[in-house]
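Summary of structural features
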Amino acid sequence: MNGHELIRRCRLLADQTEEPGYTTRTYLSPPMREVHRLVRGWMEAAGMTTRIDAVGNLRGVYGDGPRIMIGSHLDTVPRAGAFDGILGVMIAIALVERRPPWSVEVAAFSEEEGVRFGVPFIGSRALVGTPVMDEPVLAAIRDYGLDPAEIPDAILDPEVRAYLEFHIEQGPVLENLDLPVGVVESIAGLSRWDVRFEGKANHAGTTPMAARHDALASAAEWIGMVEHFAQNTPDLLATVGQIAVQPGAANVIPGVVVASLDVRHALDEVREQAVNVLLDGADHFACRRGVSVSAESRLDQPAVALHFELVERAVESAGMPVHRMVSGAGHDAMILAAKVPSAMLFLRSPGGISHHPDESVVESDVDAALEVGTEFLRRWAPPI
């Protein structure tokens, strides 16, 4: 198995989609059935025993006894590329085909992106004993033919002693350095909030400007402040990526706006301080127009340090330069790290493009990742 074949498999899976002409595949949506069929076939051809657990993760085990888990996710964002998450699963299967010296469990997580229900990591959270038990999620599990009562059986087997994940970088750093791979030393913490501005809807043609309580105007000023603050805070990333306006008519002053807030930083204290400043800013811009504001936390994921030393040695042994990096994006590795030592290797993303149909990889980089993975498994041994 080489990079060319893995890219072919990724593009084949990209055709399994909810939206013809694009790759959109959310948690336990109908096209996931064909993805499970294809990936399960590749796992079994590689000599794995397979099962689908109660949250829809496809899992394959090669060998017996203490093992390492290698995995990533099968779901996508809307109108995605072919490689985010999926390539990591394909690399894991290819490494098993090389007959590693230790037992391996491949985890193809059913959900990581948080698209369908607004909460990410449904797949990996079940493995660490913090499953998402919201009723819409449970209903989706039942609709897929799975039994929520069996979710506790998805938890990590005690024989799993470590976790390794391969993933495209989703940024420009490795390309700028002309490097095929990078060693992830940590994953930035993530705060996600819904911020609600509530003013008063009224007629756009008869309400004087001075008498308005425009929720959208307040939100717009605040969004500008979010961008300005992040631009002036080193290494901080802050994004308003969703906005919903009510009643949403051209001739009505917006009465309610709900905006998302996504804040990331490698240092939790910086991230938490930034959230406080930005939420205070929402209050400030709301008060100026007689608009009320409230905020609800959707996710608070601390930064995670990864066990990068063995990956670093594997990169060196494969004859490649070592570059350590921090991941600004969240990954399943940050969830598994709560239970077992976890590590990640990034592959170069041409153009720094991800979460877009133009997302791509370089065939030789995939081959390089396979060599690093082979060296990693040769050196790894389960803790006694």
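For clarity, every value in this text was computed on a predicted model and none was experimentally measured. Residue numbering note: each chain is counted from 1, following its sequence as written. The predicted origin of the model limits local features to residues at a pLDDT of at least 70 and limits the giving and counting of side-chain atom pairs to 80 or more, whereas totals for whole chains, interfaces and linings rest on all residues. To get the side-chain values, all heavy atoms of the structure are used, and hydrogens and water are removed first.

**Overview of the packing of helix H2 (residues 31-45) against helix H3 (residues 86-97)**
Think of each axis as a best-fit line through the C-alpha atoms, taken over the contacting stretch in the case of a helix, with angles from 0 to 180 degrees between the N-to-C directions. Strands here are runs of E lasting at least two residues and helices are runs of H or I lasting at least four, both read from the DSSP assignment and numbered beginning at the N terminus. The N-to-C vectors of H2 and H3 enclose an angle of 20°; their axes lie 9 Å apart at closest approach. It follows that H2 is roughly parallel to H3 by the angle criterion. Note that H2 runs across H3; the crossing there is left-handed. Residues Val-39, Trp-42 and Met-43 of H2 lie in contact with H3, whose contacting residues are Val-89, Met-90 and Ile-93. Residue polarity is assigned by list, with Asp, Glu, Lys and Arg as charged and Ala, Val, Leu, Ile, Met, Phe, Trp, Tyr, Cys and Pro as nonpolar; anything else, Gly included, falls into the polar class. Here the residues of the contact of H2 with H3 sort into six nonpolar, no polar and no charged. Angles below 35 degrees are treated as roughly parallel, those above 145 as roughly antiparallel, those between 65 and 115 as roughly perpendicular, and all remaining angles as oblique. With the far helix as reference, a near helix turned anticlockwise by less than a right angle produces a left-handed crossing, and one turned clockwise produces a right-handed crossing. Contacts are assigned to residue pairs with any non-hydrogen atoms lying within 4.5 Å of each other.

**Remarks on helix H1 (residues 3-14)**
Expected span, for any helix, means 1.5 Å times one less than how many residues it has. For H1, with twelve residues, the first-to-last C-alpha span of 17 Å sits near the 16 Å given by 1.5 Å per residue. Within H1, the full set of buried residues consists of Gly-3, Leu-6, Ile-7, Arg-9, Cys-10, Leu-13 and Ala-14. Each buried residue of H1 lies within a common arc of 160° when the element is viewed along its axis, so the set occupies one face. Packed against the buried residues of H1 are H2, H3 and helix H11 (363-379). Residue exposure (1.4 Å probe, protein chains only): buried if accessible area is under 20% of the type maximum, exposed if over 50%, otherwise partly exposed. The arc in question is formed by the directions pointing from the helix axis toward the C-beta atoms.

**Let's talk about a nonpolar patch on the surface**
A cluster of nonpolar side chains, contributed by Leu-216, Ile-243 and Val-245, occupies part of the molecular surface with about 200 Å² of accessible area. Here Val-245 shows up in strand E9 (residues 243-246). With a relative accessible area of 32%, Val-245 lands in the partly exposed category. Candidates for patches are residues over 30% relative accessible area with no salt bridge; among them, like charges are joined within 9 Å and nonpolar side chains (Val, Leu, Ile, Met, Phe, Trp, Tyr) within 5 Å. Accessible surface is estimated by sampling points in the Shrake-Rupley manner with a 1.4 Å probe; for residues, cover comes only from the protein chains shown. For this document, the term salt bridge refers to a Lys or Arg side-chain nitrogen within 4 Å of an Asp or Glu carboxyl oxygen.

**Let's talk about the nonpolar core**
By nonpolar core is meant a set of buried Ala, Val, Leu, Ile, Met, Phe, Trp, Tyr and Cys residues that side-chain atoms within 4.5 Å join together. Formed by 73 residues in total, the largest nonpolar core has its most connected members in Val-39, Leu-87, Met-90 and Ile-93. Here the element with the most residues in this core is H3; it accounts for ten residues. Non-local contacts of Met-90, meaning those with residues more than four positions away in its chain, are made with Leu-6, Arg-9, Cys-10, Leu-13, Val-39 and Trp-42.

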